Amino acid sequence: MADRLPVSAFIIARDEADRIAGAIDSVAGWVDEVIVIDSGSSDDTVTVARSRGARAVENAWPGYGPQKRFGEDQCRNDWLLNLDADEAVTPDLEAEIRTLFATGRHTEADCWRIMIRDVYPHEAGPAPWAYGYHQIRLYDRRKGRFSASTVHDTVRPDAGARVASLQGIIAHRSIRSLAFQVGKYNRYSDMQVADMRARGRGLPRWRLLTEFPFAFLKAYVGRRYARYGWWGLILAVNYAHARFLRVAKAYEARLAERTRR
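Residues numbered from 1 in each chain as written. Predicted model: local features only at pLDDT ≥ 70, side-chain atom pairs only at ≥ 80, totals over all residues. Heavy atoms only, no water.

A. Structural detail: the domain arrangement of the protein chain. Split by domain assignment, the protein chain resolves into domain 1 (5-172) and domain 2 (178-260). Between domain 1 and domain 2, the C-alpha centre-to-centre distance is 27 Å. Opposite the 14 residues of domain 1 that make contact, domain 2 presents 13 residues. Taken together, the two surfaces of domain 1 and domain 2 that pack against each other cover about 1300 Å², and 56% of this comes from carbon and sulfur. The tally of links from domain 1 across to domain 2 stands at zero salt bridges. At the boundary of domain 1 and domain 2, one finds two residue pairs in polar contact (both at pLDDT 80 or more). Across the side of domain 1 that touches domain 2, the residue classes break down as seven nonpolar, three polar and four charged. (Domains from an automatic or database assignment. Contact = heavy atoms within 4.5 Å. Buried area = accessible area lost by both parts, 1.4 Å probe. Salt bridge = Lys/Arg side-chain N within 4 Å of Asp/Glu carboxyl O. Polar contact = N/O pair within 3.5 Å; in protein donor to acceptor, adjacent residues only side chain to side chain. Nonpolar A, V, L, I, M, F, W, Y, C, P; charged D, E, K, R; others polar.)

Now the structure itself:
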């Protein structure tokens, strides 16, 4: 349609039937195409995606970076917008991107950073103090692409690529429940340790003493989780435990290697 932007939105997913509609609906109707790359869902993710007008493509899971690079290759436009299945473009960000392309200002940069802010199950939208981080999510793939790392999914701009920031935000609903959050960081810490060991890296043992308290302070004060009250206390403890678990698993792997010798 004439009012659609020359942008391809792509989303990687697995077992996201309960959340992916929000991600697709936030871009459907104003981008040229929406592509969902599914890695073997056992639920109705693909059915939901197609019912929302997205094109669903199957690809066995190769890791975060490679899966997003596969997604890039499925797109027909050079300008790409990446979302995760638990994210959604806010109306303000949609309006900003529309204006960017309508005025031709999108060419002022090759890669655009977008603030991604946390939203929790009991919230309608991100709190003003919600933790957020900038990532390149709108970009010209001729000037940058996702890294090949199996653990980290980050767009790497080419040398000389121009990078700028947008003002609108992406709402990030990363936590379905506390049980889901604990399972997620348990799995992710396994991948982090495996990635570190593959690259010959390790973590010093003294961090077993310092990781939890420093991570708790970082989350409770630095990320302003204290503003959420009791909920923020829970979030800070879980964040600190996730960081501690990574160090503990790295030490466990070192002990196992020593035993094998």
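Picking up after the structure, the text goes on.
B. The environment of Arg-223, seen in detail. Structurally, Arg-223 can be placed in the loop between α6 (207-222) and α7 (230-260). For Arg-223, a relative accessible area of 15% translates into the label buried. For Arg-223 and Trp-129, which are 94 residues apart along the polypeptide, the C-alpha to C-alpha distance reads 8.4 Å. If we ignore the near neighbours within four places in the chain, the residues touching Arg-223 are Trp-129, Tyr-131, Lys-218 and Tyr-239. (Helix = DSSP H or I, 4+ residues; strand = E, 2+ residues; numbered from the N terminus. Buried < 20%, exposed > 50% of the residue type's maximum accessible area, 1.4 Å probe, protein only.)

C. Up close: the pattern of salt bridges. All chains considered together, the criterion is met by 24 salt bridges. Residue Arg-105 pairs with Glu-108 through a salt bridge whose shortest N-O separation is 3.4 Å. Arg-142 serves as the salt-bridge partner of Asp-140, at 2.9 Å between the closest nitrogen and oxygen. Of the residues examined, Arg-142 reaches a relative accessible area of 53% and is grouped as exposed. Salt bridges linked by common partners bring Lys-68, Asp-84, Glu-87, Arg-137 and Asp-153 together as one network.

D. Spotlight on the sheet that holds strand β10 (residues 163-172). Taken in spatial order, the eight strands line up as β3-β2-β1-β4-β7-β6-β10-β5 in an open sheet, and their pairing is mixed. Two strands in the sheet have a free side with no partner beyond their single neighbour: β3 (55-58) and β5 (87-89). Averaged over all pairs of adjacent strands, the angle between their axes in this sheet comes to 35°, without regard to strand direction. When strand β1 (residues 5-13) meets strand β4 (residues 79-84), the two strands line up parallel, connected through six bridges. Looking at the pairing, Ile-12 lines up with Asp-84 of β4. (Pairing = 2+ DSSP bridges. Axes fitted to C-alpha atoms, helices over the stretch in contact; angles between N-to-C directions.)

E. Layout of helix α4 (residues 91-102). In a regular helix each residue adds 1.5 Å, so 12 residues correspond to 16 Å; α4 covers 16 Å between its end C-alpha atoms and thus fits that length. Buried within α4 are the following residues: Leu-93, Ile-97, Leu-100 and Phe-101. When α4 is viewed along its axis, its buried side chains cluster within an angular range of 90° and face the same direction. Set apart from the buried face of α4 by more than 90 degrees, the exposed residues are Pro-91, Asp-92 and Ala-102. Backbone geometry just after α4 places Gly-104 at a positive phi near 80°. (Expected span 1.5 Å × (residues − 1). Arc of directions from axis to C-beta.)

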